[in-house]
Structures are given as C-alpha cells and as structure tokens.
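Descriptive structure summary
Spelled out from the first residue to the last, the chains are:
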Amino acid sequence: MARTTTTTMTVRLSGPLSDFVAANVSEHGAYENVSEYVRDLIRRDKERTEKEAFERLKAELTHAFAAPESAYKPLTAADVIARNRT
C-alpha cells in the first residue's frame with residue numbers, strides 16, 4: 001500500500017484573485033472550501049501537463065512512423081546513448 005504525505009501550504013492572495021476564489025468557494029460556489037478548490041486546480045493542471053506531454057510524444061511517433069523506410073538506420077544501444085548525450 002502506497003503511503004501518502006499531506007503537506008500544508010500557505011498561499012497569499014489579494015484583490016481580484018482573492019475575490020475570484022471567494023466567489024468559487026461559498027454557499028453558491030462550486031467548492032465547499034479553499035483546499036478543495038486548490039486541489040482541483042492542481043489536479044487539472046497536472047492532467048493538462050500530462051496530456052500535453054502525451055500529445056508531443058504522439059506527434060513525434062506519428063512523424064517517425066510516417067517517415068519512409070529508407071530514413072531508418074540500424075542503431076546500437078551505444079549509438080542511442082551517445083546521441084542523447086548531446
């Protein structure tokens with residue numbers, strides 16, 4: 001079973017940002033408390049980042065698989081390691 005760690009953070013917001021959070025965290029807002037709102041924002045940002053990384057990988061693979069057979073050349077593990085060091 002994976003052990004989870006809880007971290008407490010302090011965030012300072014003022015003006016329009018504070019008002020925006022208050023509007024989203026209230027009796028009529030989408031969230032019951034600020035912690036719930038921040039966790040959701042972080043989860044969505046993490047999902048967005050992972051999706052962008054996947055889309056970049058997918059684009060690279062699509063480009064690679066579209067290349068003609070003549071574009072491919074045999075590589076050893078040492079060739080790949082050397083190429084990735086630069």
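Residues numbered from 1 in each chain as written. Predicted model: local features only at pLDDT ≥ 70, side-chain atom pairs only at ≥ 80, totals over all residues. Heavy atoms only, no water.

For the chain, the count of helices and strands is three helices and zero strands. For the chain, the sequential pattern of α-helices and β-strands runs α-α-α. Relative to the globule expectation of 12 Å for 86 residues, the C-alpha radius of gyration of the chain, 23 Å, shows a markedly less compact shape. Seen through its C-alpha atoms, the chain measures out along the principal axes to roughly 65 × 30 × 30 Å. Counting across all 86 residues of the chain, residues that qualify as buried make up 7%. Working note: accessible area of the chain is about 8,300 Å², and carbon and sulfur atoms make up 58% of it. The averaged location of the 13 negative side-chain charges in the chain is 7 Å from the averaged location of its 13 positive side-chain charges. (Helix = DSSP H or I, 4+ residues; strand = E, 2+ residues; numbered from the N terminus. Rg over C-alpha atoms; globule rule 2.2 N^0.38 Å. Buried < 20%, exposed > 50% of the residue type's maximum accessible area, 1.4 Å probe, protein only. Areas by Shrake-Rupley, 256 points an atom, 1.4 Å probe, with all protein chains shown as cover. Lys, Arg positive; Asp, Glu negative; His and termini not counted. Charge placed at Lys NZ, Arg CZ, Asp CG, Glu CD.)

This part takes up the pattern of salt bridges. Evaluated as defined, the whole model comprises five salt bridges. Between Lys46 and Glu50 there is a salt bridge, with its nearest N and O atoms 2.6 Å apart. You can see Lys46 and its partner Glu50 sitting in helix α2 (residues 34-66), four residues apart, about one turn around the helix. Residue Glu50 is classed as partly exposed on the basis of its relative accessible area of 44%. A salt bridge links Glu52 to Arg48, with the shortest nitrogen-to-oxygen separation between them at 2.9 Å. Taken together, the residues span about one helical turn, with Glu52 and Arg48 both in helix α2 at a distance of four residues. (Salt bridge = Lys/Arg side-chain N within 4 Å of Asp/Glu carboxyl O.)

Tallied over the entire structure, the rule returns one aromatic pair. Here the aromatic rings of Tyr31 and Tyr37 are separated by 4.7 Å at their centres, their planes lie at 45 degrees, and the arrangement is tilted. Judged by relative accessible area, Tyr37 falls into the buried class, the value being 6%. (Phe/Tyr/Trp six-rings, centres within 6.5 Å; stacked < 30°, edge-to-face > 60°.)

For the rest of this paragraph, the subject is a nonpolar patch on the surface. On the surface, Met9, Val11, Leu13 and Leu17 cluster together to form a nonpolar patch covering roughly 440 Å² of accessible area. For Leu13, a relative accessible area of 41% translates into the label partly exposed. (Patch = residues over 30% accessible without salt bridge, like charges linked within 9 Å, V, L, I, M, F, W, Y side chains within 5 Å.)

Looking now at α2. Look at α2: 48 Å from first C-alpha to last across 33 residues, which is about the 48 Å you get at 1.5 Å a residue. Between a side-chain oxygen at the N-terminus of α2 and the backbone nitrogen of Ser35 the separation is 3.2 Å; the capping residue is Asn33. (Expected span 1.5 Å × (residues − 1). Polar contact = N/O pair within 3.5 Å; in protein donor to acceptor, adjacent residues only side chain to side chain.)

Right, let's get into the confidence of the model for the chain. As a general rule, the predicted coordinates of low-pLDDT regions are not to be interpreted in detail. For the chain, mean pLDDT is 92; residues scoring 70 or higher make up 98% of the total. Model confidence for the chain, summarised as mean pLDDT per element, is weakest for helix α3 (residues 77-85) at 91 and strongest for α2 at 96. (pLDDT = per-residue confidence, 0-100.)

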